[in-house]
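# Structural overview
Single-letter residue listing:
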Amino acid sequence: MSRRPLIAGNWKMNCLKAEGVALAEGIAAKLRAQAPAADLLVCPPATVVDSVARAVAGSRLAVGGQDCHADKSGAHTGDIAAPMLKDLGASYVIVGHSERRADHGESDAVVRAKATAAHAAGLIAIICIGETEVERDGGRTLEVVGGQFEGSLPNGATPDNTVIAYEPVWAIGTGRTPTTPEVAEVHGAIRALAAKRLGTAGSARLRILYGGSMKPSNAKELLALEDVDGGLIGGASLKVDDFWAIAQSC
Ligand code: 13P
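This is a predicted model, so every value here is computed, not measured.

## Section: the overall build of the protein chain
- When helices and strands are counted, the protein chain shows 10 helices and eight strands.
- Relative to the 2.2 N^0.38 estimate, which gives 18 Å for 250 residues, the radius of gyration of the protein chain is 17 Å and therefore close to what a compact globule would have.
- Along the longest, intermediate and shortest principal axes, the C-alpha atoms of the protein chain span 45 × 45 × 35 Å.
- Sorting the 250 residues of the protein chain into buried and exposed places 53% on the buried side.
- If you take every contact in the protein chain between residues at least 6 apart in sequence, the share linking residues at least 24 apart comes to 73%.

Pasting the structure below:
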């Protein structure tokens, strides 16, 4: 399989500068000693991207943002543009995380515009999609996830500038995960939809991450699935040893 896994840490709204730098330096030090069979990425809060990027410059640890605005500049108080993240040394940005969709009312169209902005700035967009518990219980998972994929993927998306993260909302921060057949079903469905947009060869190269309560104890089983090409990790990405153990599971 030609897809190199991506293990990405989403630090969410955690870490002051010193904590963030120590965490990133801890991971970079592990990477210097040993190269896992995966690309590693940390996405700190925007306030710490600069310090973290400086601390890990020259290492194999990539740095990303957690969100960006759809415009490249302008009158958007408090927002952060994709070129600003790029300017600080970021190479990725997460867009459409369910917490942003819920907390900030982001629609698929908004997420698609943000991904387009990320691409224009030369960033790789990690586009998040996933169903709520009510949607899963109602048997609507594939419909919801498929709709979000179709609506959030910009026309310019390629396997080189885009990563998909499947994150069931009910699995985030809860310690619960779907069963491996459930994860395999959704990832397979996303890859089938991707073939229509990116072609069969493009779809075969697209990285589709799983996110939601991934931890050292379940990572190996999830990452072993054919269409799971890495993880987007929240809580467990805040500890060097847990994040590293997940990376080692690839
Ligand atoms: P947890 O790993 O804490 O469940 O968070 C997952 C997530 O939302 C990553 O984006």
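## Thoughts on the site of the ligand
- Taken together, 13 residues sit near the ligand, with Lys12, His97, Glu167, Gly173 and Ser213 positioned nearest.
- Starting from 310 Å² of accessible surface for the ligand in isolation, the protein chains cover 95%.
- Taken together, the residues of the shell around the ligand sort by class into four nonpolar, seven polar and two charged.

## Quick notes on the pairing of strand β8 (residues 230-233)
- Burial along β8 is two-sided: Gly230 and Leu232 facing one way and Gly231 and Ile233 facing the other are all buried.
- Sheet analysis places strand β1 (residues 6-10) next to β8, joined by four bridges and oriented parallel. Following the sheet pairing, Gly9 is matched in β8 by Ile233.
- When strand β7 (residues 207-211) meets β8, the two strands line up parallel, connected through two bridges. Within the sheet, the bridge partner assigned to Tyr210 lies in β8 and is Gly231.
- Since β7 and β8 lie parallel, the crossover through helix α9 (residues 216-223) that links them has a hand, and here it is right-handed.

## Looking at the packing of helix α1 (residues 17-33) against helix α2 (residues 46-56)
- Relative to each other, α1 and α2 sit at 30°, their axes nearing to 9 Å. In terms of crossing hand, the pair formed by α1 and α2 is right-handed. Counting all contacts with α1, which are made through Lys17, Gly20, Val21, Ala24, Glu25 and Ala28, the residues of α2 involved are Val48, Ser51, Val52, Ala55 and Val56.
- When grouped by side-chain class, the residues that make up the contact of α1 with α2 number seven nonpolar, two polar and two charged.

About the thresholds
Residues numbered from 1 in each chain as written. Predicted model: local features only at pLDDT ≥ 70, side-chain atom pairs only at ≥ 80, totals over all residues. Heavy atoms only, no water. Helix = DSSP H or I, 4+ residues; strand = E, 2+ residues; numbered from the N terminus. Rg over C-alpha atoms; globule rule 2.2 N^0.38 Å. Buried < 20%, exposed > 50% of the residue type's maximum accessible area, 1.4 Å probe, protein only. Contact = heavy atoms within 4.5 Å. Near = heavy atom within 4 Å. Areas by Shrake-Rupley, 256 points an atom, 1.4 Å probe, with all protein chains shown as cover. Nonpolar A, V, L, I, M, F, W, Y, C, P; charged D, E, K, R; others polar. Pairing = 2+ DSSP bridges. Right-handed = clockwise from strand over helix to strand, strands pointing away. Axes fitted to C-alpha atoms, helices over the stretch in contact; angles between N-to-C directions. Left-handed = near helix turned anticlockwise from the far one by under 90°.

Keep in mind these values describe shape, not function.
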